[in-house]
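# Fold and geometry: a report
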Amino acid sequence: MIKTDVHEVFDVTLDIKTPIYIGSGKKINKKEYALDREAGLVRIIDMSAFMKLVVEKGIVDKYEKFILDTSNNMGMFEFLKLNFSPGEIKKLVQYECDAKNIYDNKRSLLEIHQFMRMPDGRPYIPGSSLKGAIRTCLLADMILRDPGKAKALINIKNRDLAKTSAEEIETEYFNTLNFNDKNKKDQVNSIMRAVYISDSEPIYTSSMTLCRKIDILPNGETSKINLLRECVKPQIKVKFKLTIDRTYGCIGIEKIKTSIRTFAEFYRKSFLNKFDLPGGESLYKNDMLILGGGTGFFSKTIVYETLDYDSAVSKLSDFFMSETKAKKIPEEHRHNLDEDFGVSPHTMKYTEYYKNLVPMGICSITFD
């Protein structure tokens, strides 16, 4: 830790326990990557360079037939081998990603949801993602200590009201600096101004793997979704810098650590205990932080912290059923079963990592 008259700067290390996904918003079509089953790799193709070479080689008709023909299982890997030299193929590859975890047999190709990447293609975790996870912990801790204000404001009868009440709750607990006393919602009033987190150091491409989305119910019923995500592998350490501006006098590192432990304990007691958890107890220790996409509703909201447990289940079940009737949530999500299962929503978000079932997005965090 570096300390000045104004700031405290900490080295932050995320120790990845289970695959973590931070989405870039880009999806890679199954015709835009080459799967080498023997090597256990997918090679992401630079499509602009690829199309330029297709035109130069005069094989536009071949490529159009490849794209349009759905009667065979030819993928980009086979098309490249048939039409390009090894040297040409090498120049077209933007990067490679481990696929042994997914493509160890003749499984059909699936669309890939890409991880956040720098302009040069290297993966990284934005500081905003880590700050968002810490923000959730801080808010949960505040509400658990003093739930009255949140209970008075929460309203989840529909999506618009839920969003509005969530914003009002955050304003009530976070916006206490009074820099703009005429507009409490102004972010100049937020205590989160005191915390700055850098983007992570670049993550090696060799530290990435493909993971499939898996939903599991409390009764063990499993649903494997045809969706692949680029994820950071377990046992990878990711580095950040966290800076606290002490002039605001509202947040210190001990408060952040305490909130992470508080949220982790609440998460274990109120949600995880509804499921038969894989991976051993070491995954769910006090310094557990839930990070990234695909981790589920409970890890990113404060309904259970605000209401007593049975009321939260009942109100959330009603909310999800109303969303289902409005066709904003598919019927196959079966939220009519939430109250029977005693948890809403009633799915835990998992993936498989080398044939082991693991929850998404668990890491431990240290501040030095």
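Residues numbered from 1 in each chain as written. Predicted model: local features only at pLDDT ≥ 70, side-chain atom pairs only at ≥ 80, totals over all residues. Heavy atoms only, no water.

Moving on, we get to the packing of aromatic side chains. This structure, assessed with the given rule, holds 19 aromatic pairs. Note on Tyr63 and Phe66: the rings are 6.1 Å apart at their centroids and 40 degrees apart in plane angle, and the pair reads as tilted. Here the residue Tyr63 and the residue Phe66 both occupy positions in helix α2 (residues 60–68), the gap between them amounting to three residues, near one helical turn. For the pair Tyr63 and Phe66, a shared accessibility class is recorded, and that class is buried. With a centroid separation of 5.7 Å and an interplanar angle of 40 degrees, the aromatic rings of Tyr267 and Phe271 are classed as tilted. Take Tyr267: its relative accessible area is 3%, and that puts it in the buried class. When its relative accessible area of 5% is taken as the criterion, Phe271 is described as buried. One aromatic cluster is present, built from ring pairs that chain together Phe263, Phe266, Tyr267, Phe271, Phe275, Phe298, Tyr304 and Tyr309. The ring of Phe179 carries the charged tip of Arg193 above its face, separated from the ring centre by 5.3 Å. (Phe/Tyr/Trp six-rings, centres within 6.5 Å; stacked < 30°, edge-to-face > 60°. Helix = DSSP H or I, 4+ residues; strand = E, 2+ residues; numbered from the N terminus. Buried < 20%, exposed > 50% of the residue type's maximum accessible area, 1.4 Å probe, protein only. Lys NZ or Arg CZ within 6 Å of the ring centre and 35° of its normal.)

In contact at an axis separation of 8 Å, helix α5 (residues 127–145) and helix α8 (residues 253–270) are set at 75 degrees when each is read in the N-to-C sense. In terms of orientation, α5 and α8 fall into the roughly perpendicular class. Side by side, α5 and α8 meet where Ile134, Thr136, Cys137, Leu138, Ala140, Asp141, Met142, Leu144 and Arg145 of the first sit next to Lys255, Ile256, Thr258, Ser259, Ile260, Thr262, Phe263 and Phe266 of the second. Classifying every residue of the contact of α5 with α8 gives 10 nonpolar, four polar and three charged. (Axes fitted to C-alpha atoms, helices over the stretch in contact; angles between N-to-C directions. Parallel < 35°, antiparallel > 145°, perpendicular 65-115°, else oblique. Contact = heavy atoms within 4.5 Å. Nonpolar A, V, L, I, M, F, W, Y, C, P; charged D, E, K, R; others polar.)

Further remarks concern the pattern of salt bridges. In the structure shown here, the tally under the stated rule is 24 salt bridges. Between Lys237 and Asp15 there is a salt bridge, with the nearest N and O atoms lying 3.2 Å from each other. In this pair, Lys237 is assigned in strand β11 (residues 237–245) and Asp15 in strand β2 (residues 7–16), connecting sequence segments 222 residues apart. Overall, Asp15 belongs to the buried group, its relative accessible area being 17%. A salt bridge links Arg43 to Glu96, with the nearest nitrogen and oxygen atoms 2.8 Å apart. Of this pair, Arg43 sits in strand β5 (residues 41–45) while Glu96 sits in strand β6 (residues 93–98), and the two are 53 residues apart along the sequence. Each member of the salt-bridge network shares a partner with another, and the members are Lys3, Glu8 and Arg246. (Salt bridge = Lys/Arg side-chain N within 4 Å of Asp/Glu carboxyl O.)

By themselves, these are just geometric observations and shouldn't be taken as functional.
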